[in-house]
Amino acid sequence: DWSSDVCSSDLLRAAPMTNDTLTDGQAMNAQGVNEALEPLVSSLEAIKAIYLGVDDLKVAASILFNAYVDDPLFSDIFQAEKEGYESRLRSAIREELNAFWVAEQPIVGLFDGERLLAVACLTAPDAAFGSGRYWHWRLRMLLTAGLFGTKQMLEKEEKVRALVPAVNFHMLSFIAVHPDYQHHGLGHTLLGAIDSVVEEDAKSEGVAVFVTVDKHKPFFNDDNYDVVGELSLSHVKGDVMFRRKPA
């Protein structure tokens, strides 16, 4: 039960963000989106970027699982070659989402009405993640993902942060579009919403992401992410990319 693990009553959420808040460079062409998404969504105006509520976490976990089940880094961290990989990955994603929610970190979703189409999880500049992540997260991850997976998750975040040319910045930990709504530009709309979150935080210098799949790099390049370092984690190599907040 997701709701038993969070304290939603005293959690403060920011006002909903819509595509109206994005810059011209981030906003998608309305006519093109309408044509591409029909009949999947009713119109561009129907798609809104808002912070997720606790009742959205189960659907968000499903979207993230489908996006990351074949990811080389997660396949390595959670030992895809061993029995129970999918169960370990599902548990890890569930615990990560719970951790984001409890720590009041930004979990942004694209909605068409009540339908969650895409989701992104960020850590804010002052979040106590990485090696300082709280003890109950470590305990629950140890029970669900195992010692190796938990250590690898923490090591990944520490090494990525060390390569970013900034002190205070957001980290993009997860980003995914529902399989039924991919290849219609929603990912770029979600990046625009992420940009809005970063630009509204006076402390943040930008946003970083670790990319392990080469074909995903142009997606981030299109939103002005630059490669700032290469990183090898266990058997997986990737690039740390950083989008500096405009002055």
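Below you will find a few notes about this structure. (Residues numbered from 1 in each chain as written. Predicted model: local features only at pLDDT ≥ 70, side-chain atom pairs only at ≥ 80, totals over all residues. Heavy atoms only, no water.)

1. Considerations on the environment of Arg88
Definition in use: Numbering of helices and strands runs from the N terminus, with a helix taken as a DSSP run of H or I at least four residues long and a strand as a DSSP run of E at least two residues long. What qualifies as a polar contact is a pair of N or O atoms within 3.5 Å, subject to a donor-acceptor requirement within protein and to the restriction that residues adjacent in sequence count only when both atoms come from side chains.
In this fold, Arg88 is placed in helix α4 (residues 85-102). As a C-alpha pair, Arg88 and Phe78 span 10 residues in sequence and 6.6 Å in three-dimensional space. Within the local environment of Arg88, its side chain forms a polar contact with the backbone oxygen of Phe78, the two atoms lying 2.9 Å apart. Here the side chain of Arg88 touches Gln79 through a polar contact of 2.8 Å, landing on its backbone oxygen.

2. Side note on the pairing of strand β5 (residues 206-211)
Heads up, the condition is: Residue burial is assigned from relative accessible area. The probe radius is 1.4 Å, only protein chains are included, and a residue is buried under 20% of its type maximum, exposed over 50%, and partly exposed in between. In this analysis, strands are considered paired if DSSP registers two or more bridges between them. For the handedness criterion, the strands are oriented away from the viewer, and a crossover whose path from the first strand over the helix to the second runs clockwise is classed as right-handed.
The element β5 is largely enclosed, with a buried count of 6 among its 6 residues. Burial of β5 is two-sided: the residues Gly206, Ala208 and Phe210 facing one way and the residues Val207, Val209 and Val211 facing the other way are all buried. The sheet contact formed by strand β4 (residues 170-177) and β5 spans 2 bridges and is parallel. When the bridges of β5 are listed, His170 appears paired with Val207. For the segment spanning β4, helix α6 (residues 186-199) and β5, crossover handedness is right-handed. In terms of strand pairing, β5 meets strand β7 (residues 236-244) through 6 bridges, oriented antiparallel. Each residue of the ladder has a partner; that of Gly206, found in β7, is Arg244.

3. Section: the layout of surface pockets
To be explicit about the condition: With a 1 Å grid laid over protein atoms only, a set of points is called a cavity when a 1.4 Å probe fits there but cannot get out and a pocket when it is open yet has protein on both sides within 12 Å along at least five of seven lines; lining residues have an atom within 4 Å of a point. Grid points are joined across faces, edges and corners, and a volume is the space filled by probe spheres set on the points. Note that Gly is not counted as nonpolar here; it falls among the polar residues with everything else outside the nonpolar set of Ala, Val, Leu, Ile, Met, Phe, Trp, Tyr, Cys and Pro and the charged set of Asp, Glu, Lys and Arg.
Here the largest pocket defines a volume of roughly 1,000 Å³. Lining the largest pocket are 33 residues, with Ala67, Ile175, Ala176, His216 and Phe219 sitting closest to its centre. Those elements that place two or more of their residues in the lining of the largest pocket are α2 (57-68), α3 (72-77), β4, α6, β5 and α7 (217-221). A breakdown of the residues in the lining of the largest pocket according to their chemical character gives 19 nonpolar, 10 polar and 4 charged.

4. Topic: the pattern of salt bridges
Cut-off, in case you're wondering: When a carboxyl oxygen of Asp or Glu is within 4 Å of a side-chain nitrogen of Lys or Arg, the pair counts as a salt bridge.
Under the definition given, this model contains 9 salt bridges. Asp239 is paired through a salt bridge with Lys217; the nearest N and O atoms lie 2.5 Å apart. With Asp239 in strand β7 and Lys217 in helix α7, this residue pair connects regions lying 22 residues apart in the sequence. The exposure class of Lys217 is buried, given its relative accessible area of 18%. Arg243 is paired through a salt bridge with Asp223; the nearest N and O atoms lie 3.5 Å apart.

5. A closer look at the packing of aromatic side chains
The way to describe two aromatic rings as a pair is by their centre distance and the angle between their planes. Here is the rule we go by: Ring geometry is summarised as follows: Phe, Tyr and Trp rings, the Trp one being its six-membered ring, pair when their centres sit within 6.5 Å, and such pairs are stacked at plane angles under 30 degrees, edge-to-face over 60 and tilted between the two. Remark: a charge is flagged as sitting over a ring if the NZ atom of Lys or the CZ atom of Arg is within 6 Å of the ring centre and within 35 degrees of the ring normal.
Under the definition given, this model contains 7 aromatic pairs. Between Phe74 and Phe78 the ring centres are 6.1 Å apart and the planes differ by 15 degrees, which places this aromatic pair in the stacked class. Exposure class is identical for Phe74 and Phe78. Each is buried. Pairing Phe169 with Phe242 gives two aromatic rings, centres 6.2 Å apart and planes at 80 degrees, and the pair type is edge-to-face. Placement of the pair is Phe169 in the loop between α5 (135-163) and β4 and Phe242 in strand β7, with a sequence separation of 73 residues. Assigned by exposure class, Phe169 and Phe242 land together as buried. By way of ring pairs, the aromatic residues Tyr68, Phe74, Phe78 and Phe174 are connected into one cluster. Positioned above the aromatic ring of Phe65 is the side chain of Arg90, whose terminal nitrogen or guanidinium carbon lies 3.7 Å from the ring centre.

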